Amino acid sequence: MNYYTPFLEVTKTILDAGGEDLKKCYQCGTCTAVCPWGSVREFSPRYIFKLAQHGLEGYEGDELWLCSTCKTCVDRCPRGVGIIDVFTSMRSIIAQTGLIPPTLRSVLGSINSNGNPWAGKREERNIWAKELGLKNFSGETTEYLYFSCCAPSYDPRTKKIAVATARVLKEAGVDFGIFGKEESCCGESIKKTGDNTTYEKLLNSNISLFNSKGVKKIIAQSPHCLYTFRNEYPAHSGNYEQVHYTQVLAELIKGGKLKPKKEFRKKVTYHDPCYLGRHSGIYEEPRDILKSVPGLEFAEMIRIKEQSFCCGGGGARMWMETPKEERFGVMRIKEALSVGANVIATACPYCIQMLEDGRTALGVEDRIEVMDISEILSATMF
Amino acid sequence: MDKPRIGVFICHCGTNIAGKVNIEEVKKYASTLGDVVFATDYKFMCSDPGQELVGKAIREHKLNRVVVAACSPLMHESTFRKVCMLAGLNQYLFQMANIREQCSWVTEDPELATVKAKAIISGAVAKSRYLEPLNIKEVTINPSVLVIGGGIAGIQAALECAEAGNKVILVEKTPSIGGHMAQFDKTFPTLDCSACILTPKMTSVGQHNNIELMTYSEVKEVSGYVGNFKVKILQKAKYVDHSKCTGCGICMEKCPYKAPNEFEEGLAQRKAIYTPFPQAVPNKPVIDKETCVYFKTGKCRACEKFCEPKAVNFNDTDREIEVNVGAIIVATGYDLFDTRSVSQLGYKKYDNVYTGLEFERINNAAGPTAGKIQLKDGRTPKSIAILHCIGSRDKNYHEYCSRVCCMYALKYAHLIKEKTESDVYNCYIDMRCFGKGYEEFYHRLTEEGVDFIRGKAVCVLDYNDAKTLYPDMVEALGITDSEEDRKKLFVRTEDTLLKKTMWLPVDMVILCNAMKSRSDAKDISRLLNISIGKDGFFLEKHPKLAPVSTATDGVFLAGACQGPKDIPDTVAQASAAAAAAISLVQRNKVVIESATAYVNEELCSGCKLCNDICPFTAISFDESKNRSVVNDALCKGCGTCASTCPSSAIKANHFTDRQIFAEIEGLLNL
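Residues numbered from 1 in each chain as written. Chains lettered and ligands numbered in written order. Predicted model: local features only at pLDDT ≥ 70, side-chain atom pairs only at ≥ 80, totals over all residues. Heavy atoms only, no water.

## Remarks on the overall build of chain B
Here comes step 1: Tallying secondary structure elements over chain B gives 20 helices and 34 strands in all.
Here comes step 2: Classification of the 670 residues of chain B by burial places 56% in the buried group.
Here comes step 3: Within chain B, contacts between residues separated by at least 24 positions form 70% of all contacts whose residues are at least 6 apart in sequence.
Here comes step 4: For chain B, the exposed area adds up to about 29,800 Å²; of that, 50% sits on carbon and sulfur atoms.
Here comes step 5: Once the 82 positive and 81 negative side-chain charges of chain B are each reduced to a mean point, those two points are 3 Å apart. (Helix = DSSP H or I, 4+ residues; strand = E, 2+ residues; numbered from the N terminus. Buried < 20%, exposed > 50% of the residue type's maximum accessible area, 1.4 Å probe, protein only. Contact = heavy atoms within 4.5 Å. Areas by Shrake-Rupley, 256 points an atom, 1.4 Å probe, with all protein chains shown as cover. Lys, Arg positive; Asp, Glu negative; His and termini not counted. Charge placed at Lys NZ, Arg CZ, Asp CG, Glu CD.)

Structure below.
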């Protein structure tokens, strides 16, 4: 027989670690019912919150690492609970005890030794840009820093999207440069692992690099980097004007400075990345770009914009194993197929990877392609 | 003026003040202040013995200034002013020092609290030296009462006032009184027929000699002050002369043009010439100009042709009517939250997703389905989900609880069970059944076999969307592609007691949408100079002790315009508002504040700066004298004009520069 009683010391630890909002939860179950995990398995953030409110054992289990930080629950929560912050703070407490999932440990090791989570060598960070003739960023001579994100630097699939973006930006006459080997991970996913020490080290070294190079404006390839520059860096004296590349390109197209030339005769649907949409409120620019492409037939899926369905790659889920039947990317590909699309476009390197994985897992490579907005644009330009 | 002889009376307020402030020390300090001839303390100065103590001291020590150090003036200034008057001292020679709200309650350190209390008393004593006696002003009161809004709150308030012998002008925006209550089918928890209990009251309003009913009318302008309001009312053109109309209804029969029926929540249509519902008061039609084809093409006039008493008058125009009243009761009611803003719930996207009020009409014997609970295709539903807290208790929309939804959800569940074989699911966060007989009704419903799921419903999908997004779920729930199953709706929620996420396949969804403030609440608030709270509803003067009064004297609140309320609470509050209005207007005269601003004509340059800046529109301009003039009855003595006046021509009585500077000096003189 177990006897239970609340253990509020534990609760206080969570609150002090940044989980203040835990107190606000009134247990309505909205988070659980809207969570994308609910489509594939039982997972109740509300239940974890109740355990944590009582300080009872169980909140710290494996499920704590399921949250992909897609923000669907935060936007719907009737009490305005910052659910992601509470999850991150609970993870940080576990991280302090060293009990984080093993796959994340190697990611953090790679961050510490190479400055990226992909176990790629620092000196190889630039390979993607080798043949493009891009200039190195210097605050005195260059307007924008183009921040490619670690994924395109090392992952062969997403490498193509950085190449496409850089080519289009160059064609449009945008004045930008890159850092190359000195560049490190922005830290977004690292924060979500709960390892605050590694995260803060990254944050501080990035900010001193940016400041020493005279960075004023950043074009981010990944919405995750964009989010971090926008929401985390300013509090640590990293104040930069940050834009997502789709914003720059949409503006150029609108102003007539960039014109998609060739026809792109395909039916395209658009998957809103969580960190571009819900987290940053950018919904229209990617759609505007797609709609400007001649010959392109645009079709919306059912779950779009604020209600977009997560790819499953956020919150450090990118480096954790998910059984095939539980992968969000698979479901998203199915949804895209249901509206008759033969291309699912998106604007985030993580989404690209997860959707590509979903497409392969489903065995529908012949029916649908996964493309970044920059790749579609590039295809119509060159 | 005689040399000041100041008495200081320090209240313990039980432990409220004495628990923090060292009373003995403060008393000693007070007695050392200049002109203070008497200082004492008492446990509760506001109690009868406390008041006697003050009165006795005034007489014995020949005090000509009184300082009571206690709570806020809002609480007890009037109490001690009366004590002074009874002891033969002009009430404006009294000064309150607030050492509770502004000191003991908000200062943690007892030593600092004691220091602060001394400073506050020192300021009050310093000010009191310069206090001047002011004349008591009285104005006469017009005994008529204006009631704005003809729902159950307005009806109740109007009848109470009229029964007490006062003339009432009841202004209603729509063509009939009755409000939301007229739309309801049954009322919880007694299940009385709503119309059956409402219509006798409506008829009484229509027939009462003391009530002048003005439907299809809106209040456009209010000026004046407590006891003497001047009100401009816009009587919209009805195009039907109600003095001739017999209410036979032939015009409505013959009218060929239709518009969505507002009373039926758009679920049915009405004619261009119409009465909103069969029991309408007045039961005589108006022509809706927007719908009537004659106003667009100049042709038709069918109604006119068939009207025997020749009541139809296409030349009717809007008219402005001015009335004088002594008190105003605001009973403008509520609007309903637009459930389209929670797009995940499929309202207006899928068939058979209804709001609560729409379901009231579907269930009403006089409604569009003659009371048959049915789906859009005419079938009787076999399962219905009732979703609570839609737009209520939700920071994204309205943080407050709407207070009625739990109970009407139970009422719907009962009526559904009574009329159909349907399964009923209630998706709730907390059941709030707090009223008389409410918990018992909840108990009764659990016994009627209603299923309760403790979790907020987050999304509704139709068959096609569910099939696309969750094919496995659709299959697992045994949903086939039969015609009936293809019309299913799927409700998503977590049963938080089970820690299980659920899908409820149902035929109909009822959304319990929040009550919210009227969309024109801001206009009304500006018209009457009353405040609006954070929740958007009108703000009462005090949540506990003056729940039907407002910051504007003579303006009272009744019903849901003050906050979400059920019918019993609305009726109780309407009676309370009526009682407050009656007790005001039957006084014949009312004392108004003398601490008002005064323009020295010798100094006024006629620049009019004060005219625009006065928040109470109390200052007007006398063109003949080229001077600004303060209307004493409207002035609240806020002092804005006095501090604005570039010629220092305005004096704020009881808050003169000299008094304020003395108080500041006193505060700093430690």
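That was the structure; now back to the text.
## Observations concerning the overall build of chain A
Here comes step 1: Counting its regular elements, chain A contains 16 helices and nine strands.
Here comes step 2: Against the globule reference of 21 Å for 382 residues, chain A gives a C-alpha radius of gyration of 21 Å, in line with a compact fold.
Here comes step 3: For chain A, the spread of C-alpha atoms along the principal axes amounts to about 70 × 50 × 35 Å.
Here comes step 4: Burial analysis of chain A (382 residues in total) assigns 62% to the buried set.
Here comes step 5: For chain A, the accessible area works out to roughly 15,000 Å², and carbon and sulfur atoms hold 49% of it. (Rg over C-alpha atoms; globule rule 2.2 N^0.38 Å.)

## Focus on the domain arrangement of chain B
As a measure of interface size, the accessible area lost when the parts come together is often cited.
Here comes step 1: Entries for chain B in the domain assignment read domain 1 (6–134), domain 2 (250–306), domain 3 (335–515) and domain 4 (593–653).
Here comes step 2: A straight line from the C-alpha centre of domain 1 of chain B to that of domain 3 of chain B covers 59 Å. (Domains from an automatic or database assignment.)

## So, the domain arrangement of chain A
Residues and elements named next belong to chain A.
Here comes step 1: We note that the domain assignment places domain 1 (8–97), domain 2 (102–249) and domain 3 (258–381) within chain A.
Here comes step 2: In this structure, domain 2 and domain 3 have C-alpha centres spaced 22 Å apart.
Here comes step 3: Of the residues lining the interface, 34 residues belong to domain 2; the matching set on domain 3 comes to 34 residues.
Here comes step 4: When the two sides are added together, the surface that domain 2 and domain 3 hide from each other amounts to roughly 2,900 Å², 70% of it contributed by carbon and sulfur. (Buried area = accessible area lost by both parts, 1.4 Å probe.)

## Digging into helix H5 (residues 83–96) of chain A
Residue and element names in this part refer to chain A.
Here comes step 1: In a regular helix each residue adds 1.5 Å, so 14 residues correspond to 20 Å; H5 covers 20 Å between its end C-alpha atoms and thus fits that length.
Here comes step 2: Regarding H5, the residues found buried are Ile83, Ile84, Val86, Phe87, Thr88, Ser89, Met90, Arg91, Ser92, Ile93 and Ile94.
Here comes step 3: On the buried face of H5, the contacting elements are helix H1 (8–19), helix H2 (30–34), helix H3 (45–54), helix H4 (72–76), helix H9 (188–193) and helix H10 (196–213).
Here comes step 4: Phi for Gly98, located one or two positions after H5, is positive at around 80°. (Expected span 1.5 Å × (residues − 1).)

## A few points about unusual backbone geometry
Here comes step 1: That bond from Phe188(B) to Pro189(B) is cis: its omega, -10°, falls within 30 degrees of zero.
Here comes step 2: Inspection of the secondary structure assignment puts Pro189(B) in the loop between strand E8 (186–187) and strand E9 (192–193).
Here comes step 3: Going from Val281(B) to Pro282(B), the amide bond is cis rather than trans, its omega being 0°.
Here comes step 4: Take Pro282(B): it is sitting in the loop between strand E15 (273–274) and strand E16 (286–287).
Here comes step 5: For Lys71(A), which is not a glycine, the phi torsion comes out positive at approximately 80°.
Here comes step 6: Topologically, Lys71(A) is positioned in the loop between H3 and H4.
Here comes step 7: Phi at Lys310(B) takes a positive value of approximately 55°, unusual for a residue other than glycine.

## Quick notes on the sheet that holds strand E24 (residues 459–462) of chain B
Residue and element names in this part refer to chain B.
Here comes step 1: Read across the open sheet, the three strands follow the order E24-E25-E26; overall the sheet is antiparallel. One side of each edge strand has no neighbouring strand; the edge strands of this open sheet are E24 and strand E26 (500–506). Pairs of neighbouring strands in the sheet enclose a mean axial angle of 25°, with direction left out of account.
Here comes step 2: Relative to E26, strand E25 (residues 489–495) runs antiparallel, the two being bridged by seven bridges. Counted as the bridge partner of Val491 is Leu504 from E26. (Pairing = 2+ DSSP bridges. Axes fitted to C-alpha atoms, helices over the stretch in contact; angles between N-to-C directions.)

## Considering the interface of chain B and chain A
Here comes step 1: Contacts between the two partners involve 23 residues from chain B, matched on the other side by 25 residues from chain A.
Here comes step 2: For the pairing of chain B and chain A, the buried interface totals around 2,300 Å² over both sides, and the portion due to carbon and sulfur atoms is 49%.
Here comes step 3: Among the residues of chain B in contact with chain A, Val458(B), Leu469(B) and Lys499(B) are the three that bury the most area, contributing 24% of the side total.
Here comes step 4: Joining chain B to chain A, the criterion identifies one salt bridge.
Here comes step 5: Where Glu494(B) meets Arg46(A), a salt bridge forms, and the shortest distance between an N and an O atom there is 2.8 Å.
Here comes step 6: For the pair chain B and chain A, the interface holds 16 residue pairs in polar contact (both at pLDDT 80 or more).
Here comes step 7: If you list the elements that add at least two residues to the side of chain B that touches chain A, you get helix H14 (463–469), E25 and E26 of chain B. (Salt bridge = Lys/Arg side-chain N within 4 Å of Asp/Glu carboxyl O. Polar contact = N/O pair within 3.5 Å; in protein donor to acceptor, adjacent residues only side chain to side chain.)

## A short note on the packing of helix H2 (residues 48–60) of chain B against helix H3 (residues 73–86) of chain B
How two helices sit against one another is set out by the angle between their axes and by the gap between those axes.
Residues and elements named next belong to chain B.
Here comes step 1: Between H2 and H3, whose axes approach to 9 Å, the crossing angle comes to 40°. Here the hand of the crossing between H2 and H3 comes out right-handed. Contact with H2, carried on its side by Gln51, Val54, Gly55 and Ile58, involves Thr79, Val83 and Cys84 of H3 and no other residues of that element.
Here comes step 2: Residue composition of the contact of H2 with H3, by class: four nonpolar, three polar and no charged. (Left-handed = near helix turned anticlockwise from the far one by under 90°. Nonpolar A, V, L, I, M, F, W, Y, C, P; charged D, E, K, R; others polar.)

## Comments concerning a positive patch on the surface
Here comes step 1: Taken together, the side chains of Arg79(A), Lys395(B), Arg432(B) and Lys534(B) define a basic patch exposed on the protein surface.
Here comes step 2: By the element assignment, Lys534(B) lies in the loop between helix H16 (521–528) and strand E29 (555–557). (Patch = residues over 30% accessible without salt bridge, like charges linked within 9 Å, V, L, I, M, F, W, Y side chains within 5 Å.)

## Comments concerning helix H12 (residues 405–419) of chain B
Here comes step 1: Here H12(B) spans 21 Å end to end across 15 residues, near enough to the 21 Å set by a 1.5 Å rise per residue.
Here comes step 2: Where H12(B) is concerned, the buried positions are Cys405(B), Cys406(B), Met407(B), Tyr408(B), Ala409(B), Leu410(B), Lys411(B), Tyr412(B), Ala413(B), His414(B), Leu415(B) and Ile416(B).

## Quick look at the sheet that holds strand E3 (residues 176–178) of chain A
Residue and element names in this part refer to chain A.
Here comes step 1: Across the sheet, which stays open at both edges, the five strands sit in the order E1-E3-E2-E4-E5 with parallel pairing between neighbours. On the outer flanks of this sheet lie strand E1 (135–136) and strand E5 (241–244), each paired with one strand and no other.
Here comes step 2: Relative to E3, strand E2 (residues 144–147) runs parallel, the two being bridged by two bridges. Paired with Leu145 across the two strands is Gly177, which belongs to E3.
Here comes step 3: Here helix H12 (residues 245–254) sits on the sheet in contact with strand E4 (217–220) and E5, set at roughly 75° to E5.

## A look at the side chain of Lys456(B)
Here comes step 1: By secondary structure assignment, the location of Lys456(B) is in the loop between strand E23 (451–454) and E24.
Here comes step 2: For Lys456(B), a relative accessible area of 7% translates into the label buried.
Here comes step 3: At 3.3 Å, the side chain of Lys456(B) and the side chain of Asp394(B) are in polar contact.
Here comes step 4: When near neighbours in sequence (up to four residues on either side) are disregarded, Lys456(B) contacts Cys28(A), Thr30(A), Pro78(A), Cys389(B), Ser392(B), Asp394(B), Tyr428(B), Ile429(B), Arg492(B) and Thr493(B).

## Some remarks on the side chain of Gln27(A)
Here comes step 1: In this structure, Gln27(A) sits in the loop between H1 and H2.
Here comes step 2: At 2.8 Å, the side chain of Gln27(A) forms a polar contact with the side chain of Arg46(A).
Here comes step 3: Dropping the residues within four chain positions of it, Gln27(A) is found in contact with Arg46(A), Phe49(A), Lys50(A), Gln53(A), Arg454(B) and Thr496(B).

## Some points on the nonpolar core
Here comes step 1: One finds Met90(A), Phe210(A), Ile376(A) and Leu387(B) to be the most contacted residues of the largest nonpolar core, which totals 161 residues.
Here comes step 2: If we skip the residues at most four places from it in the chain, Phe210(A) touches Leu145(A), Phe147(A), Phe179(A), Val215(A), Ile218(A), Phe229(A), Tyr233(A) and Tyr240(A).
Here comes step 3: Of all hydrophobic cores here, the second largest spans 96 residues; its members include Ala331(B), Val585(B), Cys635(B) and Cys641(B). (Core = buried A, V, L, I, M, F, W, Y, C linked by side-chain atoms within 4.5 Å.)

## Some remarks on the pattern of salt bridges
Residues and elements named next belong to chain A.
Here comes step 1: Throughout the structure, instances matching the rule amount to 65 salt bridges over all chains.
Here comes step 2: Between Lys135 and Asp175 there is a salt bridge whose closest N-O contact spans 2.7 Å. You can see Lys135 sitting in strand E1 and its partner Asp175 sitting in the loop between helix H8 (156–171) and E3, a full 40 residues away along the chain.
Here comes step 3: By relative accessible area, which is 26% here, Asp175 ends up partly exposed.

## Digging into the state of the cysteines
Here comes step 1: Enumeration according to the criterion identifies one disulfide over all chains in this entry.
Here comes step 2: There is a disulfide in this structure between Cys193(B) and Cys196(B), and the S-S distance comes to 2.3 Å. A torsion of 80° about the S-S bond marks the disulfide between Cys193(B) and Cys196(B) as right-handed.
Here comes step 3: With a relative accessible area of 27%, Cys193(B) lands in the partly exposed category.
Here comes step 4: Here Cys150(A) stays unpaired: no disulfide links it, and the sulfur of Cys185(A), its closest cysteine neighbor, is 4.2 Å away. (Disulfide = S-S within 2.5 Å.)

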